[in-house]
Amino acid sequence: MIEARGLCRDFGRVRAVDEVSFTAAPGVVTGFLGPNGAGKTTTLRLLATFLAPAAGTAVVAGFDVVRAPLEVRRRIGYLPENAPLPGELRVSEYLRMRAEVKGIGRGGVRRAVGEALERLALGSVERRLIGDLSRGYRQRVGLADALLGDPPVLLLDEPTGNLDPEQVRRVRELLGELSRERTVFVSTHLLAEAERVCGALVIVAGGRVVATGTPAEIASRHAGSPGGEGEAVPGLERAFLALAAGGGRVGEGRP
Amino acid sequence: MRIFRALLRRELLAIWTSPTAWVVLGTFLLLSGIYFYEILWVLSRPAAPYGTPMATFFGGSLLSFVPLVLFVAAITMRSFAEEHHAGTLEPLLTAPVTANQVVAAKYAGAYLFYLALWVPTAVYPLLLWRHADPAWGPILAGYLGMALFGAALTALGVLASALARRQIVAAILAFGFGGGWLLAGLGGSLLPGGSTAGRVLRHVSPFEMMDRFRVGLVDSRDVVLCVSVAAAALLWTRVVLDLRRSS
């Protein structure tokens, strides 16, 4: 479970995240949808405790991100934007190191790494250097890392970016499967992904939450909104365009 | 401890698989070999000044300190700056590890590499031992002095790397910290002996410190100085990481 209450974050004079509040529960994939620069990555970094909020707080898996960041980190699997990984390590070396750092017991490391490799179909590249892998493979290694230790909360920043269509399909299936027992919070700017994968949506624009609900609820709320240049625009896209346009200024701030 | 070991192993792998490490190691051994050869050549002349080869080897001239500061800057520059630049600091700092564990592992990795630089130089006193009877006390004290000086320099380098977002900036900053320390030592020897500033600077002078170590004098003030500089630099590194998170 994730409960964000009034989260704010500034970069210099730019407020990148402005009073963001939402709840993400287990059982469905919660999509964090917004245009580029809307504050999605910053919000995920706040939830993952990489950044500290300027105001507000969030409770992730029962622990406050400000008061108990270490407890939060023990309970999350986090895929940062673009899956940054050390190129000098082999895939299996990296995952083993991450499993140890995440406190997985000595006997469980091999099993956890094996499962993660299998889930993300990485067996064929486990001995390869990460630096020699394609971006798609690196993304999958990042996802495998997030799944290590079976964390109750997954925070995934654009998890299907850089993947080929077949891998996108597999990852979407995996997310659906994982969300049955976990809180899966996925940042995306892809409407198709949000519609197909997410059972709940939090839409942000200009650093603020502008809508929450199921995709169908959000689409029906904005059924009468203009779709843009008189074209026939599907429901959620119409709603998204209207919400993004009305979301005020777009915070471009980045750490 | 297991988490620290995993972080340290990752750090050592990153250091030893980087071309910079091998360039530093090769250049250090080449320069130290040439320097030792020159020392033997000068001291073996009939009109040679008084001195033992190893005592001269351990900081007998300014030229032996400056490359050392450069080498340490080259080793430590990647610690945090490269991770920041590559984005890999994010998965590292969102894993269930404390900032202290990360700082300690980065420092230990760089310091172990610094110590590894000195291991092959053990050949020099062994060579002397084959042909003469060197005093082992001053030699061991000289190595201890270099280890302590390196401990402080490495910590300053790690701090520089945490402050910078690019490796080159980190290296320049680390060289600035180390160079500043050397300049303070030089200032101490140039200022009048009775002045307060002169006395203070001589107390922290790496030259005077190594002058004591290389003759076999292990002064607790020197040990405290190096350990204090290292501890303060690592504490500030931790503060910089915390500030990065909230600013």
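The following paragraphs examine the structure supplied in this document. Only a predicted model underlies this, so the values are computations on that prediction, with no experimental measurement involved.

1. Overview of the overall build of chain B
Per the secondary structure count, chain B includes 13 helices and 0 strands. With the principal axes as the frame, chain B shows a C-alpha extent of 65 × 45 × 30 Å. Each of the 247 residues in chain B was classed as buried or not, and the buried ones make up 42%.

2. A look at the sheet that holds strand S10 (residues 208–213) of chain A
All names here are of chain A. Strand order across the open sheet formed by 6 strands is S6-S7-S8-S3-S9-S10, with mixed pairing between neighbours. At either end of the open sheet lies a strand with only one pairing partner, and these are strand S6 (76–79) and S10. Recorded for the sheet is a direction-independent mean angle of 15° between the axes of neighbouring strands. Judged from the 5 bridges that link them, strand S3 (residues 29–33) and strand S8 (residues 183–188) form a sheet pairing that is parallel. Bridged to Thr30 within S8 is Phe185. Across the sheet, helix H1 (residues 40–47) touches S3, strand S7 (153–157), S8 and strand S9 (200–205), and the angle it forms with S7 is around 150°. Strands S3, S9 and S10 of the sheet are contacted by helix H9 (residues 235–245), whose axis makes an angle of about 35° with S9.

3. Points about the interface of chain A and chain B
With 23 residues of chain A at the contact, the number on the chain B side is 22 residues. Among the secondary structure elements, those contributing two or more residues to the side of chain A that touches chain B are helix H2 (69–74) and helix H3 (91–101) of chain A. Broken down by element, the residue count for the side of chain A that touches chain B peaks at 4 residues, all from H3(A).

Definitions and cut-offs
- Residues numbered from 1 in each chain as written.
- Chains lettered and ligands numbered in written order.
- Predicted model: local features only at pLDDT ≥ 70, side-chain atom pairs only at ≥ 80, totals over all residues.
- Helix = DSSP H or I, 4+ residues; strand = E, 2+ residues; numbered from the N terminus.
- Buried ≥ 20, exposed ≤ 12 C-beta atoms within 10 Å, placed from the backbone.
- Pairing = 2+ DSSP bridges.
- Axes fitted to C-alpha atoms, helices over the stretch in contact; angles between N-to-C directions.
- Contact = placed C-beta atoms within 7 Å.

Purely geometric stuff here, so don't read any function into it on its own.
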